[in-house]
Amino acid sequence: MVITSKSNPTIKEISKLNDKKYRKISGLYIVDGIKPVKECIRAGCEIQFIVCIERFENEFNNPIVVSESVFESLSTEKTPQGALAVVKIPNFKLKSPENSCILLDCLQDPGNLGTIIRTANAAGYSEIYLINCTDPYSPKAVRASMSGIFFVKIYTGTREEILSVLGGVPIVCADMDGNDIFNFTPPDKYCLCIGNEGGGIADELLDLAEYKIRIPMQSSCESLNAAVSAGIAMYQLKYGLKRL
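Read on for an overview of the structure. (Residues numbered from 1 in each chain as written. Predicted model: local features only at pLDDT ≥ 70, side-chain atom pairs only at ≥ 80, totals over all residues. Heavy atoms only, no water.)

**Focus: the overall build of the chain**
On a plain count of helices and strands, the chain comes out with nine helices and 11 strands. Against the compact-globule benchmark of 18 Å for 244 residues, the chain has a radius of gyration of 20 Å, which places it among compact chains. Burial statistics for the chain: of 244 residues in total, 47% are counted as buried. Once local pairs closer than 6 in sequence are excluded, the contacts in the chain between residues at least 24 apart make up 76%. When the accessible surface of the chain is totalled, it reaches about 12700 Å², and 48% of it is carbon and sulfur. The positive charge centre, built from 26 side chains, and the negative charge centre, built from 28, are 3 Å apart in the chain. (Helix = DSSP H or I, 4+ residues; strand = E, 2+ residues; numbered from the N terminus. Rg over C-alpha atoms; globule rule 2.2 N^0.38 Å. Buried < 20%, exposed > 50% of the residue type's maximum accessible area, 1.4 Å probe, protein only. Contact = heavy atoms within 4.5 Å. Areas by Shrake-Rupley, 256 points an atom, 1.4 Å probe, with all protein chains shown as cover. Lys, Arg positive; Asp, Glu negative; His and termini not counted. Charge placed at Lys NZ, Arg CZ, Asp CG, Glu CD.)

Dropping the structure here:
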(Lines give C-alpha, C1' and ligand atoms only; values in the text may rest on other atoms or scores of the structure.)
Protein backbone atom coordinates (compact mmCIF):
# COMPACT_ATOMS: atom_id res chain seq x y z
CA MET A 1 0.00 0.00 0.00
CA VAL A 2 1.24 3.47 -0.90
CA ILE A 3 0.48 6.26 1.56
CA THR A 4 -0.76 9.28 -0.37
CA SER A 5 -2.08 11.47 2.45
CA LYS A 6 0.05 13.89 4.44
CA SER A 7 -2.56 13.57 7.19
CA ASN A 8 -1.67 9.94 7.79
CA PRO A 9 -0.80 9.58 11.53
CA THR A 10 2.62 8.00 10.83
CA ILE A 11 3.50 10.73 8.34
CA LYS A 12 2.49 13.43 10.80
CA GLU A 13 4.69 11.87 13.49
CA ILE A 14 7.70 11.72 11.15
CA SER A 15 7.16 15.35 10.15
CA LYS A 16 7.46 16.39 13.79
CA LEU A 17 11.03 15.04 13.88
CA ASN A 18 12.22 18.07 11.95
CA ASP A 19 11.64 19.96 15.21
CA LYS A 20 14.34 19.77 17.90
CA LYS A 21 11.85 19.62 20.76
CA TYR A 22 10.09 16.60 19.31
CA ARG A 23 13.37 14.83 18.60
CA LYS A 24 14.21 15.24 22.26
CA ILE A 25 10.79 13.97 23.39
CA SER A 26 10.71 11.01 21.02
CA GLY A 27 14.40 10.12 21.10
CA LEU A 28 14.34 9.75 17.31
CA TYR A 29 15.93 11.52 14.35
CA ILE A 30 15.80 11.38 10.55
CA VAL A 31 18.49 10.14 8.17
CA ASP A 32 17.63 11.37 4.68
CA GLY A 33 19.04 10.01 1.40
CA ILE A 34 19.66 6.64 -0.27
CA LYS A 35 23.36 6.33 0.61
CA PRO A 36 23.06 7.65 4.20
CA VAL A 37 20.21 5.24 4.92
CA LYS A 38 22.23 2.29 3.60
CA GLU A 39 25.26 3.44 5.63
CA CYS A 40 23.01 3.69 8.68
CA ILE A 41 21.89 0.09 8.16
CA ARG A 42 25.48 -1.12 7.70
CA ALA A 43 26.57 0.73 10.84
CA GLY A 44 24.03 -1.22 12.87
CA CYS A 45 22.06 1.81 14.04
CA GLU A 46 18.73 1.20 15.73
CA ILE A 47 16.34 1.96 12.86
CA GLN A 48 12.65 2.22 13.70
CA PHE A 49 11.47 2.16 10.09
CA ILE A 50 12.38 3.26 6.58
CA VAL A 51 10.20 5.43 4.36
CA CYS A 52 10.64 5.52 0.59
CA ILE A 53 8.88 6.20 -2.68
CA GLU A 54 7.68 3.32 -4.85
CA ARG A 55 10.71 2.93 -7.09
CA PHE A 56 12.94 2.19 -4.07
CA GLU A 57 10.56 -0.26 -2.41
CA ASN A 58 12.77 -3.25 -3.24
CA GLU A 59 15.95 -1.54 -1.97
CA PHE A 60 14.92 -1.96 1.67
CA ASN A 61 13.37 -4.51 3.97
CA ASN A 62 9.67 -3.85 4.59
CA PRO A 63 9.68 -0.06 4.11
CA ILE A 64 6.77 2.33 4.44
CA VAL A 65 5.99 3.33 0.86
CA VAL A 66 4.70 6.84 0.18
CA SER A 67 3.88 8.98 -2.81
CA GLU A 68 6.46 11.47 -4.05
CA SER A 69 4.42 14.42 -2.79
CA VAL A 70 4.18 12.91 0.68
CA PHE A 71 7.91 12.20 0.72
CA GLU A 72 8.69 15.77 -0.31
CA SER A 73 6.67 16.98 2.67
CA LEU A 74 8.88 14.92 5.00
CA SER A 75 12.28 15.71 3.55
CA THR A 76 14.29 18.86 4.25
CA GLU A 77 16.49 18.22 1.20
CA LYS A 78 16.21 20.68 -1.70
CA THR A 79 16.07 17.72 -4.05
CA PRO A 80 14.72 14.74 -2.07
CA GLN A 81 16.19 11.40 -3.13
CA GLY A 82 13.20 9.35 -2.07
CA ALA A 83 14.29 7.42 1.01
CA LEU A 84 14.75 8.20 4.69
CA ALA A 85 15.13 6.31 7.94
CA VAL A 86 13.74 7.11 11.37
CA VAL A 87 16.52 6.22 13.80
CA LYS A 88 16.83 6.04 17.58
CA ILE A 89 19.18 8.63 19.07
CA PRO A 90 21.96 6.76 20.92
CA ASN A 91 22.00 7.37 24.65
CA PHE A 92 25.68 7.43 25.55
CA LYS A 93 26.17 7.92 29.28
CA LEU A 94 28.87 10.44 30.14
CA LYS A 95 32.19 8.71 30.77
CA SER A 96 35.88 9.42 30.54
CA PRO A 97 37.36 9.10 27.04
CA GLU A 98 39.27 5.97 26.13
CA ASN A 99 41.55 7.83 23.71
CA SER A 100 42.16 11.37 22.50
CA CYS A 101 38.84 13.11 22.02
CA ILE A 102 37.12 16.29 20.83
CA LEU A 103 35.36 18.90 22.99
CA LEU A 104 33.10 21.44 21.28
CA ASP A 105 32.14 24.51 23.29
CA CYS A 106 28.90 26.25 22.29
CA LEU A 107 29.12 25.51 18.54
CA GLN A 108 25.91 26.87 17.02
CA ASP A 109 26.09 26.17 13.30
CA PRO A 110 24.73 22.69 12.43
CA GLY A 111 26.79 22.61 9.24
CA ASN A 112 29.98 23.19 11.22
CA LEU A 113 29.02 20.60 13.80
CA GLY A 114 28.21 17.98 11.19
CA THR A 115 31.43 18.66 9.31
CA ILE A 116 33.48 18.32 12.49
CA ILE A 117 31.76 15.01 13.26
CA ARG A 118 32.58 13.84 9.72
CA THR A 119 36.24 14.85 10.05
CA ALA A 120 36.56 13.40 13.55
CA ASN A 121 35.38 10.03 12.27
CA ALA A 122 37.79 10.20 9.34
CA ALA A 123 40.74 11.21 11.53
CA GLY A 124 40.09 8.55 14.17
CA TYR A 125 38.49 10.52 17.01
CA SER A 126 35.57 8.38 18.14
CA GLU A 127 34.44 10.39 21.19
CA ILE A 128 32.99 13.90 20.94
CA TYR A 129 31.83 15.95 23.93
CA LEU A 130 29.35 18.79 23.43
CA ILE A 131 28.76 21.75 25.76
CA ASN A 132 25.70 23.86 24.84
CA CYS A 133 26.01 23.08 21.14
CA THR A 134 23.40 22.96 18.42
CA ASP A 135 21.58 19.64 18.01
CA PRO A 136 23.89 17.09 16.32
CA TYR A 137 20.79 15.15 15.21
CA SER A 138 19.18 18.00 13.29
CA PRO A 139 18.71 17.25 9.57
CA LYS A 140 21.40 19.74 8.54
CA ALA A 141 23.98 18.42 11.01
CA VAL A 142 23.27 14.79 10.11
CA ARG A 143 23.55 15.62 6.41
CA ALA A 144 26.85 17.49 6.93
CA SER A 145 28.29 14.58 8.92
CA MET A 146 28.11 12.42 5.78
CA SER A 147 27.36 9.28 7.85
CA GLY A 148 30.12 10.11 10.37
CA ILE A 149 27.49 10.46 13.08
CA PHE A 150 26.85 6.70 12.90
CA PHE A 151 30.42 5.88 13.90
CA VAL A 152 31.22 8.22 16.79
CA LYS A 153 29.99 8.53 20.37
CA ILE A 154 28.47 11.91 21.13
CA TYR A 155 28.26 12.95 24.76
CA THR A 156 26.33 15.99 25.95
CA GLY A 157 26.22 17.64 29.35
CA THR A 158 26.81 20.80 31.31
CA ARG A 159 30.29 22.27 31.42
CA GLU A 160 30.71 20.98 34.97
CA GLU A 161 29.56 17.45 34.09
CA ILE A 162 31.84 17.17 31.08
CA LEU A 163 34.86 18.64 32.81
CA SER A 164 34.40 16.13 35.62
CA VAL A 165 34.73 13.16 33.24
CA LEU A 166 37.65 14.80 31.42
CA GLY A 167 39.60 15.12 34.65
CA GLY A 168 43.19 14.07 34.11
CA VAL A 169 43.01 14.39 30.31
CA PRO A 170 45.10 17.38 29.12
CA ILE A 171 42.94 19.95 27.32
CA VAL A 172 44.38 21.46 24.16
CA CYS A 173 42.50 24.64 23.21
CA ALA A 174 42.53 26.14 19.73
CA ASP A 175 43.22 29.80 20.50
CA MET A 176 44.59 32.70 18.48
CA ASP A 177 47.08 33.48 21.28
CA GLY A 178 48.38 29.92 21.47
CA ASN A 179 51.62 28.37 20.25
CA ASP A 180 52.13 27.44 16.61
CA ILE A 181 50.47 24.03 16.20
CA PHE A 182 53.17 22.96 13.74
CA ASN A 183 55.80 23.32 16.47
CA PHE A 184 53.73 21.58 19.12
CA THR A 185 54.11 17.99 20.27
CA PRO A 186 50.89 16.80 21.93
CA PRO A 187 50.74 14.34 24.84
CA ASP A 188 49.81 10.74 24.08
CA LYS A 189 46.22 11.39 25.13
CA TYR A 190 44.51 14.77 24.95
CA CYS A 191 41.20 16.56 24.46
CA LEU A 192 41.11 19.04 21.57
CA CYS A 193 38.73 21.90 22.35
CA ILE A 194 37.11 24.03 19.64
CA GLY A 195 35.01 27.05 20.55
CA ASN A 196 32.01 29.01 19.40
CA GLU A 197 32.11 30.43 15.86
CA GLY A 198 31.97 34.04 17.04
CA GLY A 199 33.00 34.05 20.69
CA GLY A 200 35.63 31.34 20.77
CA ILE A 201 36.26 29.15 23.82
CA ALA A 202 34.81 30.10 27.21
CA ASP A 203 37.31 31.65 29.64
CA GLU A 204 36.69 28.82 32.10
CA LEU A 205 37.96 26.28 29.60
CA LEU A 206 40.87 28.45 28.54
CA ASP A 207 41.93 28.76 32.17
CA LEU A 208 41.86 24.98 32.54
CA ALA A 209 43.73 24.27 29.32
CA GLU A 210 47.16 22.71 29.71
CA TYR A 211 48.01 23.79 26.16
CA LYS A 212 46.88 26.44 23.70
CA ILE A 213 47.60 26.08 20.02
CA ARG A 214 47.00 28.27 16.98
CA ILE A 215 47.04 27.71 13.24
CA PRO A 216 49.40 30.21 11.58
CA MET A 217 47.72 32.48 9.03
CA GLN A 218 48.56 35.35 6.75
CA SER A 219 47.96 38.78 8.27
CA SER A 220 45.25 39.39 5.69
CA CYS A 221 43.16 36.58 7.24
CA GLU A 222 41.52 37.23 10.60
CA SER A 223 40.29 33.71 11.32
CA LEU A 224 39.29 30.34 9.89
CA ASN A 225 35.91 28.64 9.87
CA ALA A 226 35.44 26.54 13.03
CA ALA A 227 35.11 23.29 11.07
CA VAL A 228 38.19 24.05 8.97
CA SER A 229 40.23 24.89 12.07
CA ALA A 230 39.05 21.72 13.79
CA GLY A 231 39.99 19.61 10.78
CA ILE A 232 43.52 21.01 10.53
CA ALA A 233 44.06 20.64 14.28
CA MET A 234 42.71 17.09 14.43
CA TYR A 235 45.05 15.85 11.72
CA GLN A 236 48.08 17.81 12.84
CA LEU A 237 47.81 16.68 16.46
CA LYS A 238 47.21 13.05 15.54
CA TYR A 239 49.51 12.59 12.58
CA GLY A 240 52.09 15.37 12.94
CA LEU A 241 51.82 16.62 9.36
CA LYS A 242 54.78 18.71 8.26
CA ARG A 243 54.38 22.37 7.42
CA LEU A 244 54.16 22.80 3.65
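**Examining the packing of aromatic side chains**
Considering all chains together, one arrives at seven aromatic pairs under this definition. Counting every residue linked through ring pairs, the aromatic cluster contains Phe92, Tyr129 and Tyr155. A cation over an aromatic ring shows up here: Lys238 above the ring of Tyr125, its NZ or CZ 4.7 Å from the ring centre. (Phe/Tyr/Trp six-rings, centres within 6.5 Å; stacked < 30°, edge-to-face > 60°. Lys NZ or Arg CZ within 6 Å of the ring centre and 35° of its normal.)

**Notes on a nonpolar patch on the surface**
Residues Leu224, Val228 and Ile232 make up a contiguous nonpolar surface patch of about 200 Å² in total accessible area. Along the chain, the position of Leu224 falls in the loop between strand 11 (211-214) and helix 9 (226-239). (Patch = residues over 30% accessible without salt bridge, like charges linked within 9 Å, V, L, I, M, F, W, Y side chains within 5 Å. Salt bridge = Lys/Arg side-chain N within 4 Å of Asp/Glu carboxyl O.)

**Considering the pattern of salt bridges**
Under the criterion given, the structure shown has eight salt bridges. One salt bridge connects Arg23 with Asp135, and the closest N-O pair in it is separated by 2.8 Å. In this pair, Arg23 is assigned in helix 2 (residues 20-26) and Asp135 in the loop between strand 7 (127-131) and helix 6 (139-145), connecting sequence segments 112 residues apart. For Asp135, a relative accessible area of 11% translates into the label buried. One salt bridge connects Arg55 with Glu68, and the closest N-O pair in it is separated by 3.5 Å. Of the two residues, Arg55 sits in the loop between strand 3 (47-53) and strand 4 (64-66) while Glu68 sits in helix 4 (residues 68-74), which places them 13 residues apart along the sequence. On the accessibility criterion, Arg55 (58% relative accessible area) is exposed. Take Glu68: its relative accessible area is 47%, and that puts it in the partly exposed class.

**Some thoughts on the sheet that holds strand 6 (residues 101-105)**
The six strands lie next to each other as 8-7-6-10-9-11, forming an open sheet whose pairing is parallel. The open sheet has two free edges, formed respectively by strand 8 (153-156) and strand 11, since each of these has just one partner strand. Sheet twist, expressed as the mean angle between neighbouring strand axes with direction ignored, is 35°. Inspection of the sheet shows strand 9 (residues 171-180) paired to strand 10 (residues 191-194) by three bridges, in the parallel sense. Bridging from a neighbouring strand, Val172 pairs with Leu192 of strand 10. Against the sheet, helix 9 makes contact with strand 6, strand 9, strand 10 and strand 11, and its axis sits at roughly 165° relative to strand 10, the strand it touches most. (Pairing = 2+ DSSP bridges. Axes fitted to C-alpha atoms, helices over the stretch in contact; angles between N-to-C directions.)

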